[in-house]
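# Reading the structure
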Amino acid sequence: MEREKRRYNRIKAYLALKHKSNKSLAEHLNVSAQTVSKWCTNYSHPSLPELYAIAEFLDVNVCELLEPMPLKQG
């Protein structure tokens, strides 16, 4: 049985909140846009170093990408 995928994704939410695109994140990390898309749809997950680079790109604490807490505006 396939495990249930979560519908909510913090990377996707912060990209939208910060007005950044999957493509801009992909270019920043030197990965494909398809890879970022998979992260944003929970089909795969970034490595720990990639997660820290994503947090830096989005100007958020890495914990905000991991813990289910309210999104901070601004």
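To start, this report covers the structure provided alongside it. (Residues numbered from 1 in each chain as written. Predicted model: local features only at pLDDT ≥ 70, side-chain atom pairs only at ≥ 80, totals over all residues. Heavy atoms only, no water.)

## Topic: the environment of N61
Topologically, N61 is positioned in the loop between α4 (48-58) and α5 (62-66). According to the relative accessible area criterion, N61 is partly exposed, its value standing at 43%. In terms of polar contacts, N61 uses its side chain to reach the backbone amide nitrogen of C63, at 2.8 Å. (Helix = DSSP H or I, 4+ residues; strand = E, 2+ residues; numbered from the N terminus. Buried < 20%, exposed > 50% of the residue type's maximum accessible area, 1.4 Å probe, protein only. Polar contact = N/O pair within 3.5 Å; in protein donor to acceptor, adjacent residues only side chain to side chain.)

## Observations regarding the environment of N42
Among the structural elements, N42 can be located in the loop between α3 (33-40) and α4. Exposure remark for N42: the relative accessible area of 5% places this residue in the buried category. When the C-alpha atoms of N42 and N9 are compared, they prove to be 7.1 Å apart, with 33 residues separating the residues in sequence. One polar contact links N42 to N9, side chain to side chain, over a distance of 2.8 Å.

## Concerning the nonpolar core
Of all hydrophobic cores here, the largest spans 17 residues; its most connected members are I11, L15, L25, I54, L58 and L65. When residues of this core are traced back to their parent elements, those giving at least two are α1 (10-17), α2 (22-29), α3, α4 and α5. When residues in this core are grouped by element, the largest group, 5 residues, is from α4. Aside from chain neighbours lying at most four places away, what touches I54 is I11, L25, L29, W39, P46 and L65. (Core = buried A, V, L, I, M, F, W, Y, C linked by side-chain atoms within 4.5 Å. Contact = heavy atoms within 4.5 Å.)

## As for the packing of α2 against α3
The description of two packed helices rests on the angle between their axes and on the distance between the axes. Packing of α2 against α3 brings their axes to within 8 Å, and their N-to-C directions diverge by 115°. In the crossing of α2 with α3, the sense of the turn from one axis to the other is right-handed. From α2, N22, L25, A26 and L29 reach across to α3, where they touch A33, V36, S37, W39 and C40. In the contact of α2 with α3, the residues fall into 7 nonpolar, 2 polar and no charged. (Axes fitted to C-alpha atoms, helices over the stretch in contact; angles between N-to-C directions. Left-handed = near helix turned anticlockwise from the far one by under 90°. Nonpolar A, V, L, I, M, F, W, Y, C, P; charged D, E, K, R; others polar.)

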